[in-house]
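Chain residues, written in single-letter form:
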Amino acid sequence: MQFPDYRPRRLRQNDAFRKMIRETSLSVNDLILPLFAIGGKNIQNPITSLPGHFQLSIDNLAKTATSAHQLGIPAVMLFGIPEHKDAMATSAYARDGIVQQATKALKDTIPDLAVITDVCLCQYTDHGHCGVVDCEIIDNDATLELLAKTALSHVQAGADMVAPSDMMDGRVAEIRDILDDNNFYHAPIMSYSAKYCSAYYGPFRNAADSAPKFGDRRTYQMDPGNVLEAIREVMLDIEEGADIIMVKPALAYLDIICRVREEIDLPLAAYNVSGEYAMIKAGEQMGWIDGPRIMMETLTAIKRAGADMILTYFAMDAAQVLSGSVDCEWQG
Ligand code: PBG
Ligand code: ZN
């Protein structure tokens, strides 16, 4: 088909046609809201680099989660900010740890909202690395047991799904084993499979107080230049028993989402990370960009690349646009 017989503009001339031929649609069902839990009562510490987000004590966490649920958001991703940090990350797998308590509270108040817990050690270790450190080296195999204990403690507290984000080799299998051994064979694992070593996590590390005290995460998170390695990581996690595969970050890695989508038939998640959110919010605050429209365009792009679900700090804002309660003329 060639011009003038074929004219693509014919099907762009009105809203009805545009709706009919739109290939990608975003739904509130696609959104997962990250939340930060902290000890205490009636605490709502603003996270400066993530405008609109807070470190929340459990009472306030339940309120925010209730609003998310009312907007139709199906799940939250829970992160904890513990009071105590040490070399073995003991607060990560303590029965009364912050994530464990928050999970219980959320499941008590809003049983239908799925609680996914981030399983990692970096918020809980005094050195800020995602694993056990031996002479400044991150000891892969010594870390596995602690990650597995952490995942089990989350599920015992009522978590619906666990999401290991540490990038240690073999952790999905280790977690699958411990869950199955304890009769939690029904609890799915969402694996941060292709997680890159990225400066886009900067605002999160302020929010969760989880920046490494020495060195960086290059020996466990992936090099930004690699794509074939992402496929290998994903395949390993599938063999080890992952139920949902995640690519992270999302925006600078849309090609990875696309490649992974072509390779696998498991559900695919993408994490629209803190730095991606912060950049858009900053541009909006400067008055340089139309924040809500860029938000919707960005989330649509992540879906178009192949993600089935998106972890995003925009979840509440996007849900409001999708429900029609906030109008931003992003499509028409
Ligand atoms: C913990 C973890 C991080 C993020 C999710 N889980 C930070 C990191 O790896 O340093 C990043 C989330 C974000 O930037 O929004 N391992
Ligand atoms: Zn970590």
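Residues numbered from 1 in each chain as written. Chains lettered and ligands numbered in written order. Predicted model: local features only at pLDDT ≥ 70, side-chain atom pairs only at ≥ 80, totals over all residues. Heavy atoms only, no water.

1. Considering the packing of aromatic side chains
Inspection of every chain in the model, using the stated rule, returns nine aromatic pairs. Measuring from centroid to centroid gives 4.4 Å for Tyr-196 and Tyr-253, while their planes differ by 25°, and the two rings are stacked. Taken together, the residues Tyr-196 in the loop between β9 (190-195) and α6 (202-208) and Tyr-253 in the loop between β10 (244-248) and α8 (254-263) connect sequence positions 57 residues apart. An identical accessibility class is assigned to Tyr-196 and Tyr-253; each is buried. For the pair Tyr-277 and Phe-314, a centre-to-centre distance of 4.6 Å together with 55° between the ring planes defines the contact as tilted. Highlighted residues: Tyr-277 in helix α9 (residues 274-285) and Phe-314 in the loop between β12 (309-312) and α11 (315-323), separated in sequence by 37 residues. What makes Tyr-277 buried here is its relative accessible area of 2%. (Phe/Tyr/Trp six-rings, centres within 6.5 Å; stacked < 30°, edge-to-face > 60°. Helix = DSSP H or I, 4+ residues; strand = E, 2+ residues; numbered from the N terminus. Buried < 20%, exposed > 50% of the residue type's maximum accessible area, 1.4 Å probe, protein only.)

2. Comments concerning a negative patch on the surface
Taken together, the side chains of Asp-141, Glu-145, Asp-169, Glu-174, Asp-177 and Asp-181 present a region of like negative charge at the surface. Secondary structure elements with two or more residues in the negative patch: α4 (140-156) and α5 (171-181). Broken down by element, the negative patch gets its largest block of residues, three residues, from α5. Along the chain, Asp-169 falls in the loop between β8 (161-164) and α5. (Patch = residues over 30% accessible without salt bridge, like charges linked within 9 Å, V, L, I, M, F, W, Y side chains within 5 Å. Areas by Shrake-Rupley, 256 points an atom, 1.4 Å probe, with all protein chains shown as cover. Salt bridge = Lys/Arg side-chain N within 4 Å of Asp/Glu carboxyl O. Lys, Arg positive; Asp, Glu negative; His and termini not counted. Charge placed at Lys NZ, Arg CZ, Asp CG, Glu CD.)

3. Side note on a nonpolar patch on the surface
Residues Leu-11, Met-20 and Ile-21 make up a contiguous nonpolar surface patch of roughly 310 Å² in combined accessible area. In this structure, Leu-11 sits in the segment before α1 (15-21). The class for Leu-11 is partly exposed, based on a relative accessible area of 40%.

4. With respect to helix α2 (residues 58-70)
For α2, built from 13 residues, the straight-helix expectation of 18 Å at 1.5 Å per residue is met to within 8% by its first-to-last C-alpha distance of 18 Å. Residues of α2 that are buried include every one of Ile-58, Asn-60, Leu-61, Ala-62, Ala-65 and Ala-68, and no others. For α2, the secondary structure elements touched by its buried residues are β1 (31-38), β2 (44-46), β3 (54-56), β4 (75-81), α3 (98-109) and α11. (Expected span 1.5 Å × (residues − 1). Contact = heavy atoms within 4.5 Å.)

5. Looking at the state of the cysteines
Taken as a whole and assessed by the stated rule, the structure comprises zero disulfides. This cysteine, Cys-197, is not joined by any disulfide, and Cys-130 carries the nearest cysteine sulfur, 9.8 Å off. (Disulfide = S-S within 2.5 Å.)

6. Quick word on the nonpolar core
With 112 residues, the main nonpolar core has Phe-36, Met-77, Leu-179 and Met-190 as its most contacted residues. Here Met-77 is in contact with Ile-32, Leu-33, Pro-34, Leu-35, Ile-116, Thr-117, Asp-118, Ala-163, Met-190, Tyr-192, Met-246 and Leu-311, once residues within four sequence places are set aside. (Core = buried A, V, L, I, M, F, W, Y, C linked by side-chain atoms within 4.5 Å.)

7. With respect to the site of ligand 1
Near ligand 1 there are 19 residues, and of these Lys-195, Arg-205, Lys-248, Ser-274 and Tyr-313 occur at the shortest range. A distance of 2.6 Å separates an oxygen atom of ligand 1 from a polar atom in the side chain of Arg-205. At 2.6 Å, a side-chain N or O of Tyr-313 approaches an oxygen atom of ligand 1. Broken down by class, the residue content of the shell around ligand 1 amounts to eleven nonpolar, three polar and five charged. (Near = heavy atom within 4 Å. Polar contact = N/O pair within 3.5 Å; in protein donor to acceptor, adjacent residues only side chain to side chain. Nonpolar A, V, L, I, M, F, W, Y, C, P; charged D, E, K, R; others polar.)

8. Quick look at a positive patch on the surface
A surface patch of positive charge is lined by Arg-7, Arg-9, Arg-10 and Arg-12. Tracing the sequence through the fold places Arg-7 in the segment before α1.

9. Looking at helix α10 (residues 291-305)
Under the 1.5 Å per step criterion, the end-to-end length of α10 is 21 Å for 15 residues, consistent within 8% with the ideal 21 Å. Along α10, the residues that are buried comprise Gly-291, Met-295, Met-296, Thr-298, Leu-299, Thr-300, Ala-301, Ile-302, Lys-303 and Ala-305. Those residues of α10 that are buried are in contact with α8, β11 (268-272), α9, β12 and α11.

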